[in-house]
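One-letter residues, chain by chain:
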Amino acid sequence: MNARLLQRAGTLIAFVLLCVGFSAARPEAFATGANVLNLLQQMTTLAIVAVAATLVMVIGEFDLSVGTVASLAAVLCFVLLGEGMPVPVAVLAGLAAGLVAGVINGVLVARFAVPSFVATLANGTILGGVAYWLSGGASLFQGIPAEFTALGRGTLLGLPTLAWWMAAVLAAVSFMLNRLEFGRRLYAIGSSREAARLAGLPILRDRVLTFVLAGGLSALAGLLLAARLGSVQHTMGDPLLLPAYAAVFLGTTASLSGVPTVGGTLLGVAIAGVLANGLTIVGVEPFIQKMVTGAIIIAAVLVRRLGRS
């Protein structure tokens, strides 16, 4: 087995070892059917945000606004529901907010050459302020119809409804990246923007559209999280940012090509989800969990760079 294949298998082995370790430590709490279903529900929002981050990383950029976009979409939806708006209208408004945020990010980065770190961080900060203004800084939970919360609760064919949402998003984005010309263009842009330009690819349009898709997916994640919880806060999406990128970086270590893929990101999400769930079950303090997540990102980046050397 060569080094790169071992590197890819190592990520999967790490996932298996985490499951075995937590199962041995707390079998009565971790290794249960109820916890598996709970883990699937917890993973859904993270998986969708991580896929949004994956899309942007495919073209060699970053989107640091994914968490605040999720928050804004959920807050806007709840504000409209509280005012008596029909559920479809409120949901579409939340999704539209995410798409608009993506347009702003994409235009700043692709048209005006603002570094994606700067553009998305600044835009995310503004959007976080808008979410605070809309919510008044308070939790929103009143006047939410069961028709909306049903989007994130209940089961279908024995699996949580949220798991089906996750599967649909993963399948759609994977198909787009691997089967459609648009997806192949994104990988070409990420590999070499200059070569893509010389080949006549619509780089500006594709880069903007990538950020738009990331904004829409982030908004969807926020809406599904709000539906599951039945309440929203203006910062509810913030904790998703670091684990999402940890999952993407972990996923790249599982790829022989070293580029972000949906399959790799799913494995990264599974590792991040099991780690957070297991550490909580064994009683590890939240601040230590954040430290572990940060260490995982550093380790994943180092492994990816060592694999290329």
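As shown above, the structure is provided for reference.
Residues numbered from 1 in each chain as written. Predicted model: local features only at pLDDT ≥ 70, side-chain atom pairs only at ≥ 80, totals over all residues. Heavy atoms only, no water.

Draft legend 1. Representation of helix 2 (residues 33–58) in the model. End to end, helix 2 covers 35 Å across 26 residues, agreeing with the expected 38 Å (1.5 Å per residue, within 8%). Along helix 2, the sharpest change in direction is near 30° and occurs at Met-43. Note on helix 2: the residue one or two positions beyond its end, Gly-60, has a positive phi of about 80°. (Helix = DSSP H or I, 4+ residues; strand = E, 2+ residues; numbered from the N terminus. Expected span 1.5 Å × (residues − 1). Bend = angle between axes of the 7 residues up to and from the residue.)

Draft legend 2. Up close: the pattern of salt bridges. This model, assessed by the stated rule, comprises seven salt bridges. When the shortest N-O distance is used, the salt bridge between Arg-26 and Glu-28 registers 2.5 Å. The partly exposed category is assigned to Arg-26, whose relative accessible area is 29%. Among the residues examined, Glu-28 registers a relative accessible area of 52% and is labelled exposed. As a salt-bridge pair, Arg-207 and Glu-61 come within 2.6 Å of each other at their nearest N and O atoms. Separated by 146 residues along the polypeptide, Arg-207 in helix 10 (residues 203–229) and Glu-61 in the loop between helix 2 and helix 3 (66–82) bring together distant segments of the chain. Overlapping salt bridges bring together Glu-181, Arg-185, Arg-205 and Asp-206 as one network. (Salt bridge = Lys/Arg side-chain N within 4 Å of Asp/Glu carboxyl O. Buried < 20%, exposed > 50% of the residue type's maximum accessible area, 1.4 Å probe, protein only.)

Draft legend 3. Broad picture of the packing of aromatic side chains. Following the criterion strictly, the structure yields five aromatic pairs and no others. Ring geometry for Phe-62 and Phe-117: centres 4.8 Å apart, planes at 25°, overall stacked. Of this pair, Phe-62 sits in the loop between helix 2 and helix 3 while Phe-117 sits in helix 5 (residues 116–135), and the two are 55 residues apart along the sequence. What links up through ring pairs into an aromatic cluster is the set Phe-62, Phe-117, Tyr-245 and Phe-249. Here the guanidinium or amino end of Arg-111 rests over the ring plane of Phe-112, the centre of that ring lying 5.4 Å away. (Phe/Tyr/Trp six-rings, centres within 6.5 Å; stacked < 30°, edge-to-face > 60°. Lys NZ or Arg CZ within 6 Å of the ring centre and 35° of its normal.)

Draft legend 4. Geometry of the environment of Gln-233. Tracing the chain through its elements places Gln-233 in the loop between helix 10 and helix 11 (241–253). Since its relative accessible area comes to 42%, Gln-233 is described here as partly exposed. With 154 residues separating them along the chain, Gln-233 and Val-79 place their C-alpha atoms 11 Å apart. Gln-233 has contacts with Ser-71, Val-75 and Ser-139, leaving out every residue within four places of it along the chain. (Contact = heavy atoms within 4.5 Å.)

Draft legend 5. Molecular detail of the nonpolar core. Formed by 55 residues in total, the largest nonpolar core has its most connected members in Ile-48, Val-169, Val-173, Leu-177, Leu-217 and Val-269. Sorting the residues of this core by element identifies helix 2, helix 7 (161–179), helix 8 (181–191), helix 10, helix 11 and helix 12 (262–281) as the ones contributing at least two each. Top element by residues in this core is helix 2. It accounts for 14 residues. If near-sequence neighbours (up to four positions away) are discounted, Val-173 is found in contact with Val-51, Leu-55, Leu-217 and Val-262. Among the nonpolar cores identified, the runner-up in size contains 27 residues, and Ala-73, Cys-77, Ala-101 and Val-232 belong to it. (Core = buried A, V, L, I, M, F, W, Y, C linked by side-chain atoms within 4.5 Å.)

Draft legend 6. Main features of the packing of helix 8 against helix 10. Where helix 8 contacts helix 10, the two axes come as close as 10 Å, and the packing angle between them is 105°. In terms of orientation, helix 8 and helix 10 fall into the roughly perpendicular class. Contact residues: helix 8 offers Phe-182, Arg-185, Leu-186 and Ile-189, while helix 10 offers Ile-203, Arg-205, Asp-206, Arg-207, Leu-209, Thr-210 and Leu-213. In the contact of helix 8 with helix 10, the residues fall into six nonpolar, one polar and four charged. (Axes fitted to C-alpha atoms, helices over the stretch in contact; angles between N-to-C directions. Parallel < 35°, antiparallel > 145°, perpendicular 65-115°, else oblique. Nonpolar A, V, L, I, M, F, W, Y, C, P; charged D, E, K, R; others polar.)

None of this, on its own, says anything about what the molecule does.
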